[in-house]
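The chain contents come next:
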Amino acid sequence: MTPFRFIPLVVAAGTLTASAGEIAIETKHSALVLRAETGKEPLTIHHGKRLADPAEYAKLPDRPKTADDPSGIYGAAYTTAGSRNLLEPAIQVTHSDGDASLVLNYESHETKQVAEGIQLTTIKLVDPAHPLHVTLHYKAYVEEDVIEQWSSISHEEAGPLKMQKYASANLFLTGKHHYLTHYHGDWAREMQAESEELTAGIKVLDSKLGTRANLFQPPSFMIGVNGPVEEDRGEVLACNLAWTGNYQIALEIDPARNLRVIAGINPYASEYTLEPKKEFTTPALIHTWSGTGSGDASRNLHRWARKHRVLEGLGKRQTLLNNWEATYFDFNEDKLTALIKDGKKLGSDVFLLDDGWFGNKFPRNDDHAGLGDWEPNKLKLPHGIGHLVKEAEANGIKFGIWLEPEMVNPKSELYTKHPEWVIQSANREPHYYRNQLVLDLSNPEVQDFVFGIVDKLLTENPTLAYIKWDCNAVIFNAKSATNPQPSHLYVDYVKGFYTVMERLRQKYPALPIMLCSGGGGRADYGALKYFTEFWPSDNTDPLDRIYMQWEYSKFFPAITMGAHVTNWGKQPLKYRTDVAMMGKYGHDIVVSELDEKELRFTQDSLKLYKELGDTVWHGDLYRLVSPYTNDFASLMYVNEAKKEGVWFSYLVTGSRKNLGSGSPVKLKGLDPATRYSIREVNLYPGTKSSLGGDGSWSGDYLMTVGFNPQVTKDRASVILVVSETK
Ligand code: DGJ
């Protein structure tokens with residue numbers, strides 16, 4: 001492990017504190033360096049490659065550029081509003097006496113080793129004119145090159161403080177040119193990438209959807225310093241805001257052409273009142289710096305996520321047979337029993353019962369009614385859920401269930417009983433998203449209700465093996481009937497969601513739960529603390545999924561990315577299967593409609609996935625050939641020991657010209673000195689690999705010269721296993 005360094009050093013029993021000077025938050029390859037002097041605003045003086053000699057941080061100028069800085073704080077580590085700042089602030093408040101100005105000077109800092117390989121630096125700031133304190137927190141995951149950064153605000157003023165803005169992080173990058181890769185989309189069109197050079201002014205990425213960060217725009221982005229983001233070279237900062245609600249990321253090219261990034265909860269309609277002696281903690285911005293392109297940045301995030309963030313990130317995953325697209329709402333006990341048997345026949349680990357199993361007075365036979373009434377529908381399921389759990393177990397497969405506990409249909413007993421639990425405005429026409437409204441999770445009674453739904457199910461059915469936690473609606477008419485602070489609703493909703501998940505995780509620490517929201521609305525590292533995986537999109541057309549999963553893979557590891565074979569798309573079953581197998585593999589098909597070959601192929605693919613799963617889930621991902629600039633996409637997972645690689649390639653163009661791979665693909669991430677064999681797997685019954693005979697190649701050869709996976713229109717998807725030869 002790389003030794004950690006402190007500058008300057010004043011040792012105090014396990015904790016390193018410093019009075020002033022350079023504060024370096026270092027990881028294995030990167031450093032975020034601040035300069036702090038008592039009574040002054042701390043400045044960011046470096047964010048990039050770590051210097052070999054930490055003493056040289058002292059030589060860094062306050063401002064790297066000769067341009068004017070009339071305020072002297074363009075590079076402020078946490079920019080305040082209402083005083084001499086001229087740029088986008090990170091924090092804006094009105095003090096209890098009505099003063100709307102803020103200055104935050106350095107007071108003290110300390111760095112602690114909080115766990116093996118994790119250093120937490122906290123920097124205390126104080127307003128010289130008011131008893132208001134802000135602490136900046138930087139948690140450095142040294143080996144993974146990831147920094148988790150947030151702030152906390154407290155005060156001892158005579159009355160409440162009004163906070164108009166309270167960002168998590170205020171980054172400062174001093175390249176000559178800055179490029180942004182960000183994402184947009186909508187239902188079934190998630191994660192569409194766009195890249196551009198940032199020009200003077202402010203570019204804002206944000207969400208105002210309330211229940212989720214994404215639908216239109218996820219809180220994930222990359223910055224290329226001095227050049228567009230490239231896979232294998234150049235300085236890249238990859239970020240995700242760990243917050244499952246409204247967020248704002250403002251990227252400002254300042255007058256000196258530095259890039260200032262202010263990221264946090266969206267200040268939109270969210271003025272927050274903070275009582276004296278209370279503390280407000282912001283969510284964290286997760287970021288990693290790479291000097292060698294987005295490939296390494298992604299691998300940093302993946303390693304960090306698996307080891308430190310995602311629930312059971314180092315564990316295994318179960319394959320699912322989901323009934324959603326097989327039945328939609330139209331099922332009964334007999335039909336489900338047959339599907340359960342089909343799941344077993346296929347070889348899936350879990351049969352997952354989707355939407356439509358509940359509601360009696362208002363049966364859930366379509367998406368207009370029943371949401372909120374979590375009692376099994378007596379007509380469809382006369383013997384309840386317990387019977388199905390047992391039925392599954394008797395057939396040698398586990399049972400999982402769909403829930404959407406944060407939502408309600410107006411046509412439900414819950415709505416009739418508790419209209420005050422619903423987010424809506426009494427003087428506005430209700431406006432629905434998928435015919436439903438959102439429950440007010442800022443209300444502790446609603447939190448209890450949501451916790452209770454899951455707890456009851458799990459208490460009654462202790463062997464229930466899986467939950468799909470859906471969240472389809474966004475918040476319209478954002479008004480709480482019970483929250484004493486109307487402008488707290490958006491923030492308190494997300495905090496309420498996390499409170500419920502905390503309670504659930506205390507009682508059910510390891511139960512696999514999928515984070516779903518009619519697509520990739522909740523793919524953020526705030527929620528993923530409590531979930532084992534997420535559903536990237538309802539769009540499972542494999543061609544679209546190649547691009548989406550490619551983009552999600554920039555930020556999230558394969559183990560988190562639900563990928564099912566369905567009937568979306570026109571591609572053959574092999575292609576659909578090969579695409580799903582690069583993620584967390586599962587099915588949403590009618591098994592009884594598979595012919596003999598299709599069934600055998602799918603059964604074998606599930607067995608194969610069990611063999612390869614470890615490398616796909618826990619290996620390092622190398623994106624080899626981009627689908628945007630080639631006829632095919634190619635990517636490979638390499639296990640930590642570099643003994644096995646699982647290599648996926650997919651044709652993405654229908655053109656007859658220049659079709660396919662044509663020439664060798666240079667592999668990445670192997671050990672140059674190790675010899676590898678290459679074998680094709682997941683062949684469709686009756687087909688043979690065109691790769692021919694045996695052979696072995698050094699990692700050096702495969703990474704220098706490459707190997708042609710022979711992707712052609714007749715071999716539109718190819719999975720190869722690259723294994724160390726014994
Ligand atoms: C949206 C999800 O993404 C689907 O997979 C399915 O669970 C439906 N909701 C059910 O209503």
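Check the entry above for the structure.
Reading the values: the criteria
Residues numbered from 1 in each chain as written. Predicted model: local features only at pLDDT ≥ 70, side-chain atom pairs only at ≥ 80, totals over all residues. Heavy atoms only, no water. Helix = DSSP H or I, 4+ residues; strand = E, 2+ residues; numbered from the N terminus. Rg over C-alpha atoms; globule rule 2.2 N^0.38 Å. Buried < 20%, exposed > 50% of the residue type's maximum accessible area, 1.4 Å probe, protein only. Axes fitted to C-alpha atoms, helices over the stretch in contact; angles between N-to-C directions. Parallel < 35°, antiparallel > 145°, perpendicular 65-115°, else oblique. Left-handed = near helix turned anticlockwise from the far one by under 90°. Contact = heavy atoms within 4.5 Å. Nonpolar A, V, L, I, M, F, W, Y, C, P; charged D, E, K, R; others polar. Near = heavy atom within 4 Å. Polar contact = N/O pair within 3.5 Å; in protein donor to acceptor, adjacent residues only side chain to side chain. Areas by Shrake-Rupley, 256 points an atom, 1.4 Å probe, with all protein chains shown as cover. Expected span 1.5 Å × (residues − 1). 1 Å grid on protein atoms, 1.4 Å probe; cavity = no way out; pocket = protein on both sides within 12 Å on 5 of 7 lines; lining within 4 Å. Points joined across faces, edges and corners; volume = space filled by probe spheres on them. Salt bridge = Lys/Arg side-chain N within 4 Å of Asp/Glu carboxyl O. Pairing = 2+ DSSP bridges. Phe/Tyr/Trp six-rings, centres within 6.5 Å; stacked < 30°, edge-to-face > 60°. Lys NZ or Arg CZ within 6 Å of the ring centre and 35° of its normal.

A. A look at the overall build of the chain. Tallying secondary structure elements over the chain gives 11 helices and 37 strands in all. Taking 726 residues into account, the globule formula puts the C-alpha radius of gyration at 27 Å, and the chain, at 27 Å, falls close to it. Along the first, second and third principal axes, the C-alpha atoms of the chain reach 75 × 70 × 50 Å. Counting over 726 residues, the chain shows a buried share of 62%.

B. Representation of the packing of helix α6 (residues 444–460) against helix α7 (residues 489–507). Remark: α6 packs on α7, axes separated minimally by 9 Å, with the N-to-C direction vectors making an angle of 25°. One way to sum up the angle between α6 and α7 is to call them roughly parallel. Viewed along their axes, α6 and α7 form a crossing whose handedness is right-handed. When α6 is examined against α7, the residues Q447, D448, V450, F451, V454, D455 and T459 are found in contact with a partner set consisting of G496, T499, V500, R503, L504 and K507. For the contact of α6 with α7, the per-class residue count stands at 5 nonpolar, 4 polar and 4 charged.

C. The site of the ligand, seen in detail. Close to the ligand lie W324, D354, D355, W402, R434, K468, D470, N472, C516, G518, W535 and D538, which account for all nearby residues. A distance of 2.7 Å separates an oxygen atom of the ligand from a polar side-chain atom of D354. Take R434: an N or O atom from its side chain is 2.8 Å from an oxygen atom of the ligand. Protein chains shield 97% of the accessible area of the ligand, which is 290 Å² for the free molecule. Here the shell around the ligand is composed, by residue class, of 4 nonpolar, 2 polar and 6 charged.

D. Structural view of helix α1 (residues 293–309). Across its 17 residues, α1 extends 23 Å between first and last C-alpha, which sits within 8% of the 24 Å expected from 1.5 Å per residue. With respect to burial, α1 is a largely interior element, 13 of its 17 residues being buried.

E. Structural detail: unusual backbone geometry. One non-glycine residue, R434, lies in positive phi territory at about 50°. Mapped onto the elements, R434 comes out in the loop between α5 (413–417) and β26 (437–438). For R434, a relative accessible area of 26% translates into the label partly exposed. Backbone geometry places K642, a non-glycine residue, at a positive phi of 60°. Turning to its location among the elements, K642 is positioned in the loop between β33 (632–638) and β34 (644–651).

F. Structural view of the side chain of R299. Within the secondary structure, R299 sits in helix α1. Using a relative accessible area of 5% as the deciding quantity, one classes R299 as buried. A polar contact of 3.0 Å, which involves the side chain of R299, links it to the side chain of D296. In contact with R299, other than residues within four places in its own chain, are D620, L621 and Y622.

G. The arrangement of the layout of surface pockets in detail. For the largest pocket, the calculated volume is near 680 Å³. Every residue lining the largest pocket is counted, 25 residues in all, and those nearest its centre are E143, R303, R306, D620 and E640. Broken down by element, the lining of the largest pocket gets its largest block of residues, 5 residues, from α1. Considered class by class, the residues forming the lining of the largest pocket number 3 nonpolar, 9 polar and 13 charged.

H. Focus on the pattern of salt bridges. Applying the stated rule across the entire model yields 40 salt bridges. Ionic pairing is found between E144 and K307, a salt bridge with its closest N-O pair at 3.8 Å. With E144 in the loop between β9 (132–141) and β10 (146–155) and K307 in helix α1, this pair connects stretches of sequence that are 163 residues apart. For E144, a relative accessible area of 7% corresponds to the buried category. The class of K307 is exposed, set by a relative accessible area of 52%.

I. Examining the pairing of strand β30 (residues 562–565) more closely. Because side chains alternate across β30, one face comprises the buried residues G562 and H564, and the other comprises A563 and V565, equally buried. The pairing of β30 with strand β31 (residues 584–587) spans 4 bridges and is classified as parallel. Looking at β31, one finds that A563 is bridged to Y585.

J. Expanded view of the packing of aromatic side chains. Counting across every chain of the model gives 37 aromatic pairs. Aromatic pair W647 and F707: ring centres 6.2 Å apart, planes at 65°, arrangement edge-to-face. On the criterion of sequence distance, the pair formed by W647 in strand β34 and F707 in the loop between α11 (699–704) and β37 (717–724) is long-range, its members being 60 residues apart. Accessibility classification places W647 together with F707 in one group, the buried group. Put simply, the rings of Y141, W304, Y525, F534, Y552 and F556 touch in pairs and so form one group of aromatic residues. When the ring centre of W535 is taken as origin, the NZ or CZ atom of K468, which lies over that ring, is 5.8 Å away. The ring of W535 carries the charged tip of R545 above its face, separated from the ring centre by 4.9 Å.

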